[in-house]
Amino acid sequence: MLFKKTIFPHLVCIVLSALLVYLLGYPLRVDRILLTYFSLIFFAHFTLGKFIFGFLFILAAIYFPTSYYYGSPNVAVISALLETNLDESSEYFSQLPPLLLVAPIFLILVFIFTFTKLQFPKINNKYFILFALAVCLYKPVKILCKSNANLPATFVIDNFKYPFFEFFTDLYTSIKIYTTEKQEQLEQIKYANTIPINSVSPKHKTYVIMIGESVRKDYMSAYGFKYDNTPFANHNASIIWDGLIAPAPNTQSSIPHFISQSVFIDDKKVTTQINNNIISIANAAGFETYWLSNQGRLGKMEITVPRIAAYSKHSFYTKKGEYNGKNSRGKHDTLLLPELDTILSTEQTRPRLIVMHLIGSHPHFCKRLEFDVQFNLNNKNISCYVSSIKETDDLIKATIESLQKHHEDYALVYFSDHGLAHTDNYQDLRHNASYQNSYQVPLIFFDSNRTQQQRINRTISGFQFVYLLSHWLGIELDVKHDYMQNELMDISEQNDIKIKDWQSNKLYQFDNLKKDPNPY
C-alpha cells in the first residue's frame with residue numbers, strides 16, 4: 001500500500017517528465033526533467049492542474065512526429081507549417097514510419113487515462129519546496145554570478161529549462177524570426193545593383209559558382225596534402241590558385257564579402273553593400289540566375305546569405321530552417337544534383353549563373369559524410385574531415401559530368417567560405433579567428449575550353465572578390481580594381497591583406513595572426 005500511495009505516483013511523475021522532454025524534442029537534461037517533475041507534484045493534484053497538464057501532454061504527443069525530424073520548435077518547423085503545400089504534406093505523412101503515426105494516438109490515450117485516474121502526490125514540506133526553487137534558479141543565478149558584464153533581460157528565459165516554457169518561447173521566437181526575415185528579404189530585393197555595367201560578353205553559356213564550407217587548403221591534395229582526396233581537381237582543373245584569403249572565419253561573415261561589394265571605412269572597418277552582389281549584377285547583365293543550397297534558408301544564424309540568395313530568379317533549398325537542425329539529417333550535398341540536372345534540361349537562350357552553396361565539411365565532419373570514411377589518419381574527426389573534402393571533389397566531378405551530359409559550354413569556380421583551426425591537441429578542427437589557416441582557402445577553376453592546367457601562387461584578398469567573379473562572367477563593371485581590369489593570370493600579388501572576425505566589422509592584419517600548421 002505504501003508503494004502504491006506514496007512511491008508509485010512519484011515514479012510515474014518522473015517517467016512522465018522524461019517522456020515529455022523527449023516528445024518536445026529537447027535533450028534529456030536533469031534540470032528539465034526535475035522542473036517538470038516538480039510542477040507535476042505541486043500542481044497536478046488540483047483539478048484545474050490536471051486539466052492543464054493533460055492538455056499540454058496531449059499537445060506534446062501530437063508534436064512528437066515533428067520533433068522526431070525537426071527537433072524542438074525552430075524556424076524549420078514554422079517554415080514547414082507555413083510554406084508546405086498539400087502535396088508536400090501528403091508526401092511527408094506518407095514517408096513517416098508507421099510507428100510515428102500510431103505513437104501519438106497511443107500516447108494521447110495513455111495521457112488521458114493517467115490524468116483522469118492517477119492520484120498525484122501532494123507536497124507540503126517547505127524544505128522540499130525550497131529545494132525545488134533552488135533547482136529552478138540554479139543555472140540563471142550561476143550565470144549571473146559569473147558574469148561581470150550587463151546581461152540582457154532575456155538571459156533568464158534562455159536558461160530556464162522548463163520544457164513547456166521553452167516550447168512556447170521557442171515557438172514565439174521562431175515565428176518572429178521567420179516573419180521578420182521573410183519581410184527583410186522582400187524589402188532587401190527592392191534595392192537592385194547600383195554598380196554601372198559597361199559591357200556584357202560572356203564566353204560560356206553556363207557558369208557555376210560552387211561555395212564550399214570550412215575547407216582549409218592545406219587539407220587538399222590539390223595543394224600538396226599527402227592523402228589524395230581531390231583527384232578530380234588535381235587532373236581536371238584549368239586553374240588551381242594558391243593564395244586566396246577569405247574575408248572572415250565563419251560563413252555568415254565571410255560569404256557576403258566574397259559575393260557582394262565591400263565598403264571600407266577609414267581602412268579600419270568594413271561593411272557590405274548587399275544589393276551589389278553577384279546575383280543582382282548577373283540579373284542586371286541579363287543572366288538567368290539560380291541559387292541551390294544545402295544550407296539553411298532561415299534561422300538564428302542564417303540571415304545575410306539568404307538575403308543575397310533572395311535576389312536569384314530561381315532558388316532551391318534542401319532545408320527550410322536552420323542549416324544544422326534535426327531536419328538536416330541525411331541531407332547531403334548530392335541532393336543538389338537532381339535540381340541542377342532539371343535546370344540544365346530546360347532550354348535557355350540567355351546565359352545562366354548557378355550558385356551551389358554546400359554544407360561540405362562543416363563541423364561535425366562525420367555527420368557530413370554520405371558514404372564511408374575513405375581515409376584513415378588514426379583520428380576519427382580528422383579522417384572524416386579529409387573524407388568530406390573527397391566527397392566535395394566527387395560532387396564537383398558529378399556537377400561537371402552533368403554539364404557535359406547536357407552539352408553545356410561551361411565554366412565552374414570552387415572556393416570555400418573559410419577554413420578552420422586545430423583544437424584538442426590536433427584531434428579536431430573548429431572555427432577560430434586567431435589563426436591564418438582559418439582564412440587560407442582553395443580557389444579552383446574549371447571550364448569546357450581547358451587545354452593545359454595552370455597554377456597560380458599569389459596572395460589575394462576575398463574582399464571585392466565580386467569584381468573578380470563579375471569579370472569571370474564576362475561582365476565589365478565601371479569600377480577601377482585589379483580584379484576587374486585584369487585577366488586571372490595578370491592579377492597582381494596583394495600585400496597588407498586585412499581580414500575581419502565574426503564579432504565586428506573591424507579589420508585586422510592577416511600577417512599578424514598565428515599559424516596553425518597541418519601535422520598530418
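The structure this text deals with has already been given above.
Now for a look at the structure at hand. Keep in mind that this is a model prediction, so the values were computed, not measured.

Some details on the nonpolar core
Side chains of a nonpolar character, in soluble globular proteins, are inclined to be buried together. The biggest cluster of nonpolar side chains holds 48 residues, and the ones touching the most others in it are I209, I259, L353 and F415. A total of seven residues in this core trace back to one element, the largest contributor, which is helix α17 (residues 465-473). Grouped together as the second largest cluster of nonpolar side chains are 43 residues, A222, I354, Y414 and F446 included.

A look at the packing of aromatic side chains
Applying the stated rule across the entire model yields 29 aromatic pairs. Plain terms: the ring middles of Y22 and F64 are 5.7 Å apart, the flat faces sit at 45° to each other, and that makes the pair tilted. Separated by 42 residues along the polypeptide, Y22 in helix α1 (residues 2-23) and F64 in helix α3 (residues 47-70) bring together distant segments of the chain. Take F64: its relative accessible area is 9%, and that puts it in the buried class. An angle of 45° between the planes, with centres 5.2 Å apart, marks the rings of F57 and F115 as tilted. Of this pair, F57 sits in helix α3 while F115 sits in helix α6 (residues 98-117); the two residues are 58 residues apart in sequence, bridging distant segments of the chain. Here F115 falls in the buried class, since its relative accessible area comes to 6%. Grouping aromatic residues by their ring pairs yields a cluster made of F53, F57, F111, F115, F120, Y162 and F164.

So, helix α16 (residues 380-405)
Over its 26 residues, α16 runs 37 Å from end to end, which matches the ideal 38 Å to within 8%, given 1.5 Å per residue. Between the side-chain oxygen of the N-cap and the backbone nitrogen of N381 there are 3.0 Å, and the N-cap of α16 in question is N379. One or two steps after α16, the chain reaches H407, where phi turns positive at roughly 55°.

Some remarks on the state of the cysteines
This structure, assessed with the given rule, holds one disulfide. Shown here is the disulfide that connects C366 with C384, its sulfur atoms set 2.0 Å apart. Residues C366 and C384 are joined through a disulfide that is right-handed, its torsion about the S-S bond being 90°. Taken together, the residues C366 in helix α15 (residues 365-368) and C384 in helix α16 connect sequence positions 18 residues apart. A residue is classified by how much of its surface remains accessible, and C366, at 27% relative accessible area, is partly exposed.

Focus: a nonpolar patch on the surface
A contiguous nonpolar surface patch, about 350 Å² in accessible area, is contributed by L101, V102, F106 and V110. Summarising the element assignment, F106 is placed in helix α6.

Observations regarding the sheet that holds strand β12 (residues 440-447)
Overall, mixed pairing links the eight strands, which are arranged β7-β6-β8-β2-β9-β12-β3-β13 in an open sheet. Sheet topology places β7 (314-317) and β13 (454-461) at the edges, where each strand pairs with a single neighbour. Neighbour-to-neighbour, the strand axes of the sheet open up by a mean angle of 15°, direction not taken into account. As paired elements, strand β2 (residues 206-212) and strand β8 (residues 352-357) share six bridges and run parallel to each other. Across the sheet, the residue bridging to V208 is I354, located in β8.

Side note on the pairing of β2
Most of β2 is tucked away: seven of the seven residues are buried. Here β2 shows no split at all, with T206, V208, M210 and G212 on one side and Y207, I209 and I211 on the other all buried. Both β2 and strand β9 (residues 410-416) contribute to a ladder of seven bridges, which runs parallel. Looking at β9, one finds that Y207 is bridged to A411.

Re unusual backbone geometry
Looking along the chain, the bond that leaves P363 and enters H364 is cis, with omega of 0°. You can see H364 is positioned in the loop between β8 and α15. For D267, which is not glycine, the phi dihedral falls at a positive 60°. With respect to the element layout, D267 can be found in the loop between β4 (260-265) and β5 (269-277). Positive phi values are uncommon outside glycine, yet Y426 reaches one of about 65°.

Section: α3
A rise of 1.5 Å per residue sets the reference length of α3, with its 24 residues, at 34 Å; its end C-alpha atoms lie 34 Å apart and thus fit the reference within 8%. Looking one or two residues past α3, G71 carries a phi angle of roughly 85°, positive in sign.

Considerations on the side chain of T251
On the secondary structure map, T251 appears in helix α11 (residues 251-259). There is a polar contact of 2.7 Å between the side chain of T251 and the side chain of D417. Contact partners of T251, with chain neighbours within four places excluded, come to E213, P256, Q295, V305, H357, D417 and H418.

What counts and what doesn't
Residues numbered from 1 in each chain as written. Predicted model: local features only at pLDDT ≥ 70, side-chain atom pairs only at ≥ 80, totals over all residues. Heavy atoms only, no water. Core = buried A, V, L, I, M, F, W, Y, C linked by side-chain atoms within 4.5 Å. Buried < 20%, exposed > 50% of the residue type's maximum accessible area, 1.4 Å probe, protein only. Helix = DSSP H or I, 4+ residues; strand = E, 2+ residues; numbered from the N terminus. Phe/Tyr/Trp six-rings, centres within 6.5 Å; stacked < 30°, edge-to-face > 60°. Expected span 1.5 Å × (residues − 1). Polar contact = N/O pair within 3.5 Å; in protein donor to acceptor, adjacent residues only side chain to side chain. Disulfide = S-S within 2.5 Å. Patch = residues over 30% accessible without salt bridge, like charges linked within 9 Å, V, L, I, M, F, W, Y side chains within 5 Å. Areas by Shrake-Rupley, 256 points an atom, 1.4 Å probe, with all protein chains shown as cover. Salt bridge = Lys/Arg side-chain N within 4 Å of Asp/Glu carboxyl O. Pairing = 2+ DSSP bridges. Axes fitted to C-alpha atoms, helices over the stretch in contact; angles between N-to-C directions. Contact = heavy atoms within 4.5 Å.

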